[in-house]
Amino acid sequence: MTVSVTLTVNGKAASASVDPRMLLVHLLRDQLQLTGTHVGCDTAQCGACTIHLNGRAVKACSMLAVQANGANVTTIEGLTGKGDKMHPMQEAFRDCHGLQCGFCTPGMVMSACQLLADNPKPTEAEIRAGLEGNICRCTGYHNIVKAVQQAAAQA
Amino acid sequence: MTDMSMSPMNQMGKPILRREDQRFLTGNGQYTDDIHLQRETAGVFLRSPHAHARIKSIKLEAAQKSPGVIAIFTGQDLADAKVNGLPCGWLINNKDGTPMKEPAHPCLAQGKVRHVGDQVALIVAETQWQARDAAELIEVDYEVLTAVVDTAGANSATTLVHDDVPGNLCYDWGHGDKAATEAAFAKAAHVTKLSFVNNRLIPNAMEPRAAIASYTKHDDSYTLHVANQNPHVERLLMCAFVLGLPESKVRVIAPDVGGGFGSKIFLYAEDVALVWASKRVGRPIKWTAERSESFLTDAHGRDHVSTAEMAMDANGKFLALRVSTTANMGAYLSTFASAVPTILYATLLAGQYATPAIYVEVKAVFTNTAPVDAYRGAGRPEATYLVERIVEQCAREMKIDPVEIRRRNFIKTFPYATPVGLTYDVGDYDATLTKVLKLADVAGYPARKAASAKNGKLRGLGYSCYIEACGIAPSNIAGALGARAGLFEAGEVRVHPTGTVTIFTGSHSHGQGHETTFAQVVASKLGIPIENVEIVHGDTGRVLFGMGTYGSRSLAVGGTAIVKAVDKVIAKGKKIAAHLLEAADTDIVFENGEFKVAGTDKKVPFAQVSLTAYVPHNYPLDKLEPGLNENAFYDPANFTFPAGSYVCEVEVDPATGVTEVCAFSAVDDFGNIVNPMIVEGQVHGGIAQGLGQALLESCIYDKETGQLLTGSYMDYAMPRADDLPSFKVDNCVTPCSHNPLGVKGCGEAGAIGAPPALINAITDALGVRDLEMPATRERVWRAAQARA
């Protein structure tokens, strides 16, 4: 049995026929070929699959694709503007060397955007608490914190 | 070597932003699971739910009839096809000269399963769901056996993990001068003794392992896309030892790889089974590990149980160090497992100190747990933890300041031959220690401690002065020590007609930023814009050869291979330029991207020489081949010896056991630095993993059943942003004496140096002697209560 799902992804209409047990992250990755959203765990802990759903950061592994029917989804690919112009948060991650292997990065960036949307001028402690749902194994978070601080200062 | 310091194109030592970041930040990275091949099928492994069991029967009928199933393979199929087990790449001999035990390591279980997660069957289906559904229908009749779990108890356990390995003993190895060590202990004024558990860790690169194997009938060849740190080594081991295929028929591609930390060095059973099965199925097979599978089957790290004794004279001068260690190999010998607690561990036990005599014994044991192998630091964190903990304890017992006892015992003249087989070429341990004392504001510590005390908190300060051996390794030395492979690196410089350059390197970048650092080196040497340099890695079909990335070797060994190839390009370019400028070869100098006749204004730019090489109309064809393409292999003359001094400051709440890492200061000596931004990032990440080991992380198996109790991120405490402070990082430079870049390697330092600094700080705060890693709140609280 399959179920049809219609949603808006990065500003464009998308529809797919999915297995009812399919997770949203697999719809994005495997059917819509948006492979910037990553799967780093199977317990909703690592945050590598973080996207924006109707303007809120959510873990795309924690909901079924069918639950996203009618939703407005932004992925890391959609954060980039026209002509590959990066979002200020993406720029800040590059400027501050806030990424190494790059695997956690899309989810980290999406979470960081949400963090600043909720709290435009966070303290270091607030940034660290706000990113607690995203695991990075490479950077030790030091430069990720700096990147969020830079993005906040420029906003 | 060409002097690059004056060139306007000189990029050395600059914090150039990373060239790889655009793709990673915009979702355009291409990791193995992002790749889809035509007619791809899905592979799923059925894994053992038991730590130790005999397989009485496997019933496949129901699963084979399940929708979408294409094929199911078991260990019997691999045995019938005469597929060998996985090899171990390093032979260790016992004290009595006999070789270590190397029990069979089948790619799919044959007869027995030996750890939870051991692979029993490979199910290939049209979709992953169908493969998983079919896996549920396989009936395996297990006779559950007693599990051997405990590292310290494995040797005396009555159960055998492998029937042909008595006492579960892989090897019983000794290193150093036992008689000299005993003699030094006999005359010691004081002996300090400590026992240690170096806690078992799970590497947890954020990208789970993944592989796509495909077979092409038209030329009878295989391609394996795999999340791996050294695709040529993977191919070599798989072809030569397991599948008996010619390397010319196998291409291994390691595309973007989401972190490795050692765990993606190894040849894994899944990779081999997938490659073998891809021909049987006639279609590509993709497998991506779930995180649960990563926990169960990625090679784990550390897991040592040790005792150490330091003999001193009355002034706290170290006379001798005596160490006894039991190291857990897990259920099977992983690719480099045997070398980690021996060659990469015992040889580092001198640390930064002129201890004249050292003797170490290491027993390696098999248990019913996942294989244990190299994890960031690999042996060197275990050595450093032991040395730096006991040195701190020596200071406490001798009532000597921990800084002073280190200074009193530092090696001060170089080169220095340690009693455990290494020769340190350069270093300045006083310099890094002096610098870190300022960076950490140790002078202001008493006031901070008093302020903490006013709030009912206990403040502590801990030091760690680590050394590591990187740039692995001189092949002849490694060979004499049991390595079954060379440890050189290969590089190729392909100059294109228009003067742009593609570099092919056997090193592999999975977060280290080689596409930037290596390009900085080449652009600086050739005097061309960095945009004109492309770095290619991770593909046996494009790169001539490679030994890969581990042991902080990429720039020191791989970078040097590239430098050597660039030097050959320049040497040939001089001959071409001499012809164009009508001068003698010996009169040509290469500066700032131009070939010049020395002492004149006659010159020709690099791009004109390259064009001439490919359009050889005016060219000395009688004595020079056309083209401008050079290879180099570089085998290092010695290890490199990064070293540094770390200071950790903690505040402990004795009422709750909560430890706050207030400050962490690191001063490293990595030799010359090409990109300080990237180097600092490597240090940050290493420190985070080191603090993770010391404060949070621990892989725990149930002692009775061998079930992994820490099998998810809900149970295994990964360091998160709010567990760590920002770090203070600086460096000193004594350039490596034996490679042209003067570099030593920076990838593992933090993970090596951080754990003892943290535990020394907490034990200082609490005034206790022993505290096991990780220093969980419960352990710290209990230690605080016992003290009260």
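Scoring rules and cut-offs
- Residues numbered from 1 in each chain as written.
- Chains lettered and ligands numbered in written order.
- Predicted model: local features only at pLDDT ≥ 70, side-chain atom pairs only at ≥ 80, totals over all residues.
- Heavy atoms only, no water.
- Helix = DSSP H or I, 4+ residues; strand = E, 2+ residues; numbered from the N terminus.
- Rg over C-alpha atoms; globule rule 2.2 N^0.38 Å.
- Buried < 20%, exposed > 50% of the residue type's maximum accessible area, 1.4 Å probe, protein only.
- Contact = heavy atoms within 4.5 Å.
- Disulfide = S-S within 2.5 Å.
- Domains from an automatic or database assignment.
- Buried area = accessible area lost by both parts, 1.4 Å probe.
- Salt bridge = Lys/Arg side-chain N within 4 Å of Asp/Glu carboxyl O.
- Polar contact = N/O pair within 3.5 Å; in protein donor to acceptor, adjacent residues only side chain to side chain.
- Expected span 1.5 Å × (residues − 1).
- Pairing = 2+ DSSP bridges.
- Axes fitted to C-alpha atoms, helices over the stretch in contact; angles between N-to-C directions.
- Core = buried A, V, L, I, M, F, W, Y, C linked by side-chain atoms within 4.5 Å.
- Phe/Tyr/Trp six-rings, centres within 6.5 Å; stacked < 30°, edge-to-face > 60°.
- Right-handed = clockwise from strand over helix to strand, strands pointing away.
- Patch = residues over 30% accessible without salt bridge, like charges linked within 9 Å, V, L, I, M, F, W, Y side chains within 5 Å.
- Areas by Shrake-Rupley, 256 points an atom, 1.4 Å probe, with all protein chains shown as cover.

An account of the overall build of chain A is requested, with residue identities and associated values reported.
Regarding its fold elements, chain A presents 6 helices and 5 strands. Secondary structure elements of chain A occur, N-terminal to C-terminal, as β-β-α-β-β-β-α-α-α-α-α. Relative to the compact-globule value of 15 Å for 155 residues, chain A shows a C-alpha radius of gyration of 15 Å, a close match. On the principal axes, the C-alpha backbone points of chain A span a range of 50 × 35 × 25 Å. Scored against the burial criterion, the 155 residues of chain A give a buried share of 58%. Nonlocal contacts in chain A, meaning residues at least 24 apart in sequence, comprise 56% of its contacts between residues at least 6 apart.

Describe the state of the cysteines, listing the residues and the values that go with them.
Here is the idea: a disulfide is a covalent bond, and it sits between the sulfur atoms of two cysteines. Scanning the entire structure with this criterion turns up 0 disulfides over all chains. Between Cys113 of chain A, a cysteine without a disulfide, and Cys104 of chain A, which holds the nearest cysteine sulfur, the sulfur-to-sulfur distance is 14 Å. Residue Cys113 of chain A is classed as buried on the basis of its relative accessible area, which comes to 13%. Distance from the sulfur of Cys170 of chain B, which forms no disulfide, to the nearest cysteine sulfur (Cys88 of chain B) is 7.3 Å. Taking relative accessible area as the criterion, Cys170 of chain B reaches 1% and is therefore assigned buried.

Residues and numbers for the domain arrangement of chain A, please.
Residues and elements named next belong to chain A. Domain assignment breaks chain A into domain 1 (3-79) and domain 2 (82-154). Computed from C-alpha atoms alone, the centre-to-centre distance between domain 1 and domain 2 is 21 Å. Between domain 1 and domain 2, the residue contacts involve 19 residues of the former and 15 residues of the latter. Both faces combined, the contact of domain 1 with domain 2 buries some 1400 Å², and carbon together with sulfur accounts for 59% of it. Three residues stand out in domain 1 for area buried against domain 2, namely His38, Ile76 and Leu79, and they jointly supply 38% of the buried area on that side. Counting across the interface, domain 1 meets domain 2 through 1 salt bridge. With its nearest N and O atoms 3.2 Å apart, the salt bridge here joins Asp118 to Arg56.

Which residues make up the environment of Thr600 of chain B, and what are the values?
Here Thr600 of chain B is to be found in the loop between strand 23 (594-597) and strand 24 (603-605). One polar contact links the side chain of Thr600 of chain B to the main-chain amide nitrogen of Lys602 of chain B, over a distance of 3.0 Å.

Now, about helix 6 (residues 142-154) of chain A: what can you tell me, with residues and values included?
Taking 1.5 Å of rise per residue, 13 residues should cover 18 Å, and helix 6 of chain A covers 19 Å from first to last C-alpha, within 8% of that figure. All buried positions along helix 6 of chain A are accounted for by His142, Asn143, Ile144, Val145, Ala147, Val148, Gln150, Ala151 and Ala152 of chain A.

Before we move on, could you go through the sheet that holds strand 21 (residues 533-537) of chain B and cite the residues and values that matter?
Through backbone hydrogen bonds, the strands of a sheet pair up, either in parallel or in antiparallel fashion. Residue and element names in this part refer to chain B. A sheet is described by the order of its strands in space; here 4 strands give the open sequence 21-20-19-25, paired in mixed fashion. Of all the strands in the sheet, the pair left with one neighbour each is strand 21 and strand 25 (629-634). Ignoring strand direction, the axes of neighbouring strands in this sheet form an average angle of 15°. In the sheet, strand 20 (residues 501-505) pairs with strand 21 via 5 bridges, with the strands oriented parallel. The residue bridging Ile503 from the neighbouring strand is Ile535, located in strand 21. Contacting strand 20 and strand 21, helix 14 (residues 514-526) crosses the sheet at an angle of about 135° to strand 21.

Can you explain the domain arrangement of chain B? Please cite residues and give values.
Residue and element names in this part refer to chain B. Domain boundaries in chain B define domain 1 (21-29 + 488-634) and domain 2 (425-484 + 637-788). Placing a centre on the C-alpha atoms of domain 1 and another on those of domain 2 gives a separation of 38 Å. Across the contact, 18 residues belong to domain 1 and 22 residues belong to domain 2. For the pairing of domain 1 and domain 2, the buried interface totals around 1400 Å² over both sides, and the portion due to carbon and sulfur atoms is 59%.

Lay out the nonpolar core with the relevant residues and their values.
Generally speaking, soluble globular proteins have nonpolar side chains that are buried together. Among the nonpolar cores identified, the biggest contains 222 residues, and Phe93 of chain A together with Leu349, Phe664 and Ile762 of chain B are the most heavily contacted of them. Sequence-distant contacts of Ile762 of chain B, defined by excluding residues within four places in its chain, comprise Val650, Val652, Thr659, Leu695, Leu771, Ala775 and Val780 of chain B. If you look at the next biggest cluster of nonpolar residues, it comprises 45 residues, including Val493, Ala519, Val563 and Ile576 of chain B.

Give me the side chain of Ser452 of chain B: which residues, what numbers.
All names here are of chain B. On the secondary structure map, Ser452 appears in helix 12 (residues 445-454). Residue classification places Ser452 among the buried positions, given a relative accessible area of 2%. Not counting residues within four places of it along the chain, the set of residues in contact with Ser452 comprises Lys457, Arg459 and Glu651.

Which residues make up the packing of aromatic side chains, and what are the values?
In this description, a pair of aromatic rings is defined by centroid distance and the angle of the planes. Residue and element names in this part refer to chain B. Applying the stated criterion across every chain, the model contains 23 aromatic pairs over all chains. Geometrically, the ring pair formed by Phe73 and Trp276 is edge-to-face, given 5.1 Å between the ring centres and 80° between the ring planes. Here the residue Phe73 occupies a position in strand 3 (residues 69-74), and Trp276 occupies one in helix 7 (residues 269-281), the gap between them amounting to 203 residues. Here Phe73 matches Trp276 in class, with each residue buried. Centroid distance Phe266 to Tyr268: 6.2 Å. Interplanar angle 65°. Geometry classified as edge-to-face. Residue Phe266 is classed as buried on the basis of its relative accessible area of 1%.

Pulling in residues and values, what's your account of the pairing of strand 11 (residues 250-253) of chain B?
Residue and element names in this part refer to chain B. Pairing geometry for strand 10 (residues 221-226) and strand 11, over 4 bridges, is parallel. The residue of strand 11 that forms the bridge with Leu224 is Val252. Taken together, strand 10, helix 6 (residues 231-243) and strand 11 form a β-α-β motif whose crossover is right-handed.

Could you give an account of the pairing of strand 2 (residues 12-18) of chain A, with specific residues and numbers?
All names here are of chain A. By the bridge criterion, 7 bridges tie strand 1 (residues 3-9) to strand 2 in an arrangement that is antiparallel. Looking at strand 2, one finds that Leu7 is bridged to Ala14. Hairpin remark: strand 1 followed by strand 2, antiparallel, with 2 residues in the connecting loop; positive phi at Asn10, about 50°.

I'd like a description of the sheet that holds strand 27 (residues 658-669) of chain B, backed by residues and values.
Residues and elements named next belong to chain B. The sheet built from 4 strands is open, its strands ordered 18-26-27-28 with mixed pairing. Edge positions in the open sheet fall to strand 18 (458-467) and strand 28 (727-732), since each of these has one partner strand only. Here the average twist between neighbouring strands, direction ignored, is 15°. In this sheet, strand 27 lies alongside strand 26 (residues 643-653) in antiparallel orientation, the contact comprising 11 bridges. Bridging across to strand 27, Val652 finds its partner in Thr659.

Got a sec to walk through a nonpolar patch on the surface? Specific residues and values, please.
A cluster of nonpolar side chains, Leu611, Tyr614 and Val615 of chain B, forms an exposed patch at the surface whose accessible area comes to about 230 Å². Considering the arrangement of structural elements, one finds Tyr614 of chain B in helix 16 (residues 606-614).

Can you break down the interface of chain A and chain B residue by residue, with the values?
If you look at the interface, chain A gives 46 residues, while chain B gives 52 residues. Approximately 4300 Å² of surface area, both sides summed, lies buried where chain A meets chain B, with 55% of it carried by carbon and sulfur atoms. Per-residue buried area on chain A facing chain B is highest for Arg21, His97 and Arg137 of chain A; these three make up 19% of the total on that side. The salt bridge involving Asp33 of chain B is made with Arg29 of chain A; its shortest N-O contact spans 2.7 Å.

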